[in-house]
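Listed below, chain by chain, are the residues.
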Amino acid sequence: MAEEKSLEQKIIEQRKEKVEKLKELGFEPYAYKYEVNTKAGELLEKFGRHKEGEEREKETLPEEEFSLAGRIVSMRIMGKAAFFHIQDESGRIQCYIRRDAVGEEFYNKVFKKLIDIGDIVGVKGKLFRTRTGELTLEVSEMVPLTKSLRPLPEKWHGLKDTEKRYRQRYLDLIVNPEVREVFRTRSLIIKKIREFLDSRGFIEVETPVLQPIASGAAAKPFITHYNALDIDVYLRIAPELYLKRLLVGGFERVYELGKNFRNEGISTRHNPEFTMIEWYMAYADYEDLMEMTEELFEFLLDSVFGKGVREIEYQGTKISFKRPFRRISYLGELSKKTGLTEDELLHDEEKVLKKAKEVGIEKAEELSHFKRVQELFEALVEPELIQPTFVVDFPKAISPLAKEKRGNPELVERFELIIFGREVANAYTELNNPAEQEERFKQQLEERAKGDEEAMEYDADFITALEYGMPPTAGEGIGIDRLVMLFTNKDSIREVLLFPQLRPEKRCGEEICQLESEGE
RNA sequence: GGGCCGGUAGCUCAGCUGGUAGAGCAACGGACUUUUAAUCCGUAGGUCGCAGGUUCGAAUCCUGCCCGGCUCACCA
């Protein structure tokens, strides 16, 4: 079609020819397997350092041959010998290949002509140290394993274009080692959370992602269609009501770690599909959960940063996780910030509205009284809570699934853990009185009727379940993505999601493009 | 959705007071058996995001659109 070829296309064609030539010479350009007995990182770990000032003649590196495999990420050919770096999952190690060691035929016709930066190869050889002290594998055998057809991003500057980094995350992962580190940490955090809960007798469960009623949180759902049943269903906004049914069923400690979906804005703090851990524990209350949360953080800090580390730096700010975390009351703190009394916050609609307007809360008039209170809280209190802080005892009206606070029927036993102004955990002593739950759902319906799209859906079967009896229970949810952001010092949620949601690219030059542009 | 910033070679970036594009790396050819951002000589590579407009002339100015980043709003 197009006569002129881009440089990239030319490279691809050249390399396709190399694939054919490799075949002609009896090599499999897309090999099946390679026996490795070590990794780059393992060799560097064991033999990488040599003491400064130590005579290298005295140093003994093992005589045995090692074999490893990975991607060639740099190459320096110097006539009859060459250096290159090979990168595997664990790191990158330098290799040295000499014509006289691998044979003139292979060196000249295969290595120099048919192997490129980006190719995946297997190598075997002994270790030695170069003049400057870098641990290096002297290649006695090299086997092409996978031919790479496209040129890699630049070795020194890496890949910086954020759009490309997200769209082609694989390139980001090849070229930017710190990105691999972020996702390793993410994996570790998730693994350790499971370990923490498993060790306390929890079982991991899976509940429906496709739900006929999207309830358990205040959010707009994604809608999809279930062909087999010919009904619209929702992608879950929370697993909460299903998990509680399991408590009715007799499981006493359950957790679910998985995706939730909320059809809302995308930003540095929000991705429409995000990962949550929720756990429920029978015969416990929110006090127990606060303690457990502190223990969980200690466990995670030990695992990610090293035993005993209780202070980390996030975006230039020191965050201390020394127990106990600060505890403040929702109304008490809001009272301090607004100058209104707790009683006024609960009952004086006029004063709260006036304050909301004063603070600049948009459309304050349209909000219900307690939504205004919550807005004030989010505007005045949350941003100032930098160090880990439990905010306790929320107004009942904004917490339809939480149990009334002992001694104060206007509040519920609920806490949020706020760190760096962001909500990291949300938990309550769970409401298990079916009559009251029904009442609370009805209030939510009223809110919905007044125009609050995010008011919670009424779930009749959940009420039925509660009527069979759910034991006293405490439940908590933690947003994994935000936790990972905190632990990896990332300011954008996209940096902790392997494939963040982006608008699809239009591929012009193809028929699709025309069809698409007409379709709008 | 609003505001601000950006999109130039495969990658990282210059060029932006209008005169049709440059560097480094990567690629290709050559020299080089301890280099390490290897070095040296040579070659090739671009519908300057897309579409219009102004102009003798647009990467550069104007308008619209597409994509992205940050931010505000909503949420976890």
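Residues numbered from 1 in each chain as written. Chains lettered and ligands numbered in written order. Predicted model: local features only at pLDDT ≥ 70, side-chain atom pairs only at ≥ 80, totals over all residues. Heavy atoms only, no water.

A.B. asks: Could you clarify how one ought to interpret the overall build of chain A in this entry?
C.D. replies: Summing up its helical and strand segments, chain A has 17 helices and 19 strands in all. Restricting the contact set of chain A to residue pairs at least 6 apart, pairs at least 24 apart contribute 66%. As displayed, chain A offers around 27,300 Å² of accessible surface, 49% of which is attributable to carbon and sulfur atoms. One finds the centroid of the 82 positive side-chain charges in chain A at a distance of 7 Å from the centroid of its 101 negative side-chain charges. (Helix = DSSP H or I, 4+ residues; strand = E, 2+ residues; numbered from the N terminus. Contact = heavy atoms within 4.5 Å. Areas by Shrake-Rupley, 256 points an atom, 1.4 Å probe, with all protein chains shown as cover. Lys, Arg positive; Asp, Glu negative; His and termini not counted. Charge placed at Lys NZ, Arg CZ, Asp CG, Glu CD.)

A.B. asks: Please explain helix 12 (residues 349-359) as it appears in this structure.
C.D. replies: Each α-helix turn comprises 3.6 residues. Residues three or four places apart therefore point the same way. For helix 12, the full list of buried residues reads Val352, Leu353, Lys355 and Ala356. Across the axial projection of helix 12, the buried residues extend over an arc of 160 degrees, all falling on one side. Opposite the packed face of helix 12, turned more than 90 degrees from it, sit the exposed residues Glu350, Lys354 and Glu358. As for helix 12, its buried residues are in contact with helix 10 (330-338), helix 11 (342-347) and helix 13 (369-381). One or two steps after helix 12, the chain reaches glycine 360, where phi turns positive at roughly 90 degrees. (Buried < 20%, exposed > 50% of the residue type's maximum accessible area, 1.4 Å probe, protein only. Arc of directions from axis to C-beta.)

A.B. asks: Hey, could you run me through the environment of glutamine 501 in this one?
C.D. replies: Within the secondary structure layout, glutamine 501 lies in the loop between helix 16 (480-488) and helix 17 (511-519). The spacing of glutamine 501 and tyrosine 166 is 335 residues in sequence and 8.6 Å in space, taken between C-alpha atoms. Leave out the neighbours within four places in its chain, and glutamine 501 touches Ile266, Asn271 and Glu273.

A.B. asks: Just to check I follow, could you spell out the packing of helix 14 (residues 434-449) against helix 15 (residues 460-468) for this structure?
C.D. replies: Helices that pack against each other are described as a pair by the angle of their axes relative to one another and the distance between those axes. Direction vectors running N to C along helix 14 and helix 15 enclose 160 degrees, while the axes themselves pass 9 Å from each other. Between helix 14 and helix 15, the crossing angle belongs to the class labelled roughly antiparallel. In terms of crossing hand, the pair formed by helix 14 and helix 15 is right-handed. For the pair helix 14 and helix 15, contact is made by Pro434, Gln437, Glu438 and Phe441 and by Phe462, Ile463, Leu466 and Glu467, respectively. The class makeup of the residues in the contact of helix 14 with helix 15 is 5 nonpolar, 1 polar and 2 charged. (Axes fitted to C-alpha atoms, helices over the stretch in contact; angles between N-to-C directions. Parallel < 35°, antiparallel > 145°, perpendicular 65-115°, else oblique. Left-handed = near helix turned anticlockwise from the far one by under 90°. Nonpolar A, V, L, I, M, F, W, Y, C, P; charged D, E, K, R; others polar.)

A.B. asks: It is not clear to me how the protein's contact with RNA strand B should be interpreted in this structure. Could you clarify?
C.D. replies: Asp100, Arg131, Thr132, His270 and Arg482 are the nearest of the 59 residues found near RNA strand B. Each atom of RNA strand B within 4 Å of the protein was classed as base or backbone; sugar and phosphate made up 61%. Separating a base oxygen of RNA strand B from a side-chain N or O atom of glutamate 134 is a distance of 2.4 Å. Between glutamate 264 and RNA strand B, the recorded distance is 2.8 Å, taken from a side-chain N or O atom to a sugar or linking oxygen. For the surface near RNA strand B, the element with the highest residue contribution is helix 1 (residues 7-24), accounting for 6 residues. Looking at side-chain class alone, the surface near RNA strand B contains 17 nonpolar, 13 polar and 29 charged residues. (Near = heavy atom within 4 Å. Polar contact = N/O pair within 3.5 Å; in protein donor to acceptor, adjacent residues only side chain to side chain.)

A.B. asks: How should I be thinking about helix 13 in this particular structure?
C.D. replies: For helix 13, spanning 13 residues, the distance from its first C-alpha to its last is 18 Å, which sits close to the expected 18 Å at 1.5 Å a residue. Those residues of helix 13 that fall on the buried side of the exposure criterion are His369, Phe370, Arg372, Val373, Gln374, Leu376, Phe377, Leu380 and Val381. On the buried face of helix 13, the contacting elements are helix 10, helix 11, helix 12 and strand 15 (389-395). (Expected span 1.5 Å × (residues − 1).)

A.B. asks: Mind showing me how you'd approach the side chain of aspartate 119 here?
C.D. replies: Position of aspartate 119 relative to the elements: it lies in the loop between helix 4 (104-114) and strand 4 (120-129). Residue aspartate 119 is classed as buried on the basis of its relative accessible area, which comes to 2%. In terms of polar contacts, aspartate 119 uses its side chain to reach the side chain of lysine 147, at 2.6 Å. If we skip the residues at most four places from it in the chain, aspartate 119 touches Gly70, Arg71, Ile72, Leu114, Thr146, Lys147 and Ser148.

A.B. asks: Even after reading the chapter, I still don't get the sheet that holds strand 5 (residues 135-146), so can you show me in this structure?
C.D. replies: Adjacent strands of a sheet pair through backbone hydrogen bonds, lying either parallel or antiparallel. Strand order in the closed barrel formed by 5 strands is 1-2-3-5-4, with mixed pairing between adjacent strands. Here the strands of the sheet are splayed against their neighbours by 50 degrees on average, with no regard to which way each runs. Note: strand 4 against strand 5, 10 bridges, orientation antiparallel. Note that in strand 5 the partner of lysine 126 across the bridge is glutamate 138. (Pairing = 2+ DSSP bridges.)

A.B. asks: Explanation requested: empty space enclosed by the protein in the structure shown.
C.D. replies: The probe, sized like a water molecule, is rolled over the atoms to show the empty space still left. This structure, assessed with the given rule, holds 1 cavity of 30 Å³ or more. Space inside the largest cavity adds up to approximately 50 Å³. Along the walls of the largest cavity sit Tyr314, Ile419, Phe420, Arg422, Glu423, Val424, Arg482 and Leu486, which together make up its complete lining. Of all elements in the fold, only strand 18 (422-429) and helix 16 reach the threshold of two or more residues within the lining of the largest cavity. The leading source of residues in the lining of the largest cavity is strand 18, at 3 residues. (1 Å grid on protein atoms, 1.4 Å probe; cavity = no way out; pocket = protein on both sides within 12 Å on 5 of 7 lines; lining within 4 Å. Points joined across faces, edges and corners; volume = space filled by probe spheres on them.)

A.B. asks: Sorry, what's going on with the pairing of strand 11 (residues 273-282) here?
C.D. replies: Along a regular strand, successive side chains alternate from one face of the sheet to the other. Of all the 10 residues making up strand 11, 9 are buried; the element is thus mostly covered by neighbouring parts of the structure. Bridge analysis of strand 10 (residues 253-261) against strand 11 gives 9 bridges, and the strand direction is antiparallel. Residue pairing for strand 11: phenylalanine 261 is matched across the bridge by glutamate 273. Looking at chain direction, strand 11 and strand 19 (residues 473-479) are connected through 7 bridges and run antiparallel. Among the inter-strand pairings, glutamate 278 is bridged to a residue of strand 19, identified as glycine 477.

A.B. asks: Please explain the sheet that holds strand 9 (residues 231-235) as it appears in this structure.
C.D. replies: Strand order in the open sheet formed by 3 strands is 7-9-8, and the pairing between neighbours is antiparallel. Two strands in the sheet have a free side with no partner beyond their single neighbour: strand 7 (210-211) and strand 8 (223-226). Pairing analysis gives 4 bridges linking strand 8 to strand 9, with the strands arranged antiparallel. Bridge pairing links threonine 224 to valine 233 in strand 9.

A.B. asks: Sorry if this is basic, but what is going on with the packing of helix 8 (residues 240-248) against helix 15 here?
C.D. replies: Their axes nearest at 9 Å, the elements helix 8 and helix 15 cross at an angle of 25 degrees. Our classification of the angle between helix 8 and helix 15 gives roughly parallel. Helix-helix and strand crossings are classified by hand; for helix 8 and helix 15 the assignment is left-handed. On helix 15, the residues that touch Leu241, Lys244, Arg245 and Val248 of helix 8 are Asp461, Phe462, Ala465 and Tyr468. Of the residues belonging to the contact of helix 8 with helix 15, the class tally is 5 nonpolar, no polar and 3 charged.

A.B. asks: Help me understand the pairing of strand 15 in this model?
C.D. replies: Burial analysis of strand 15 places 7 of its 7 residues in the buried class, the great majority of the element. Sheet topology places strand 15 next to strand 17 (residues 408-419); 6 bridges connect them, and they run antiparallel. Its bridge partner being in strand 17, proline 395 is matched across the sheet by leucine 411.

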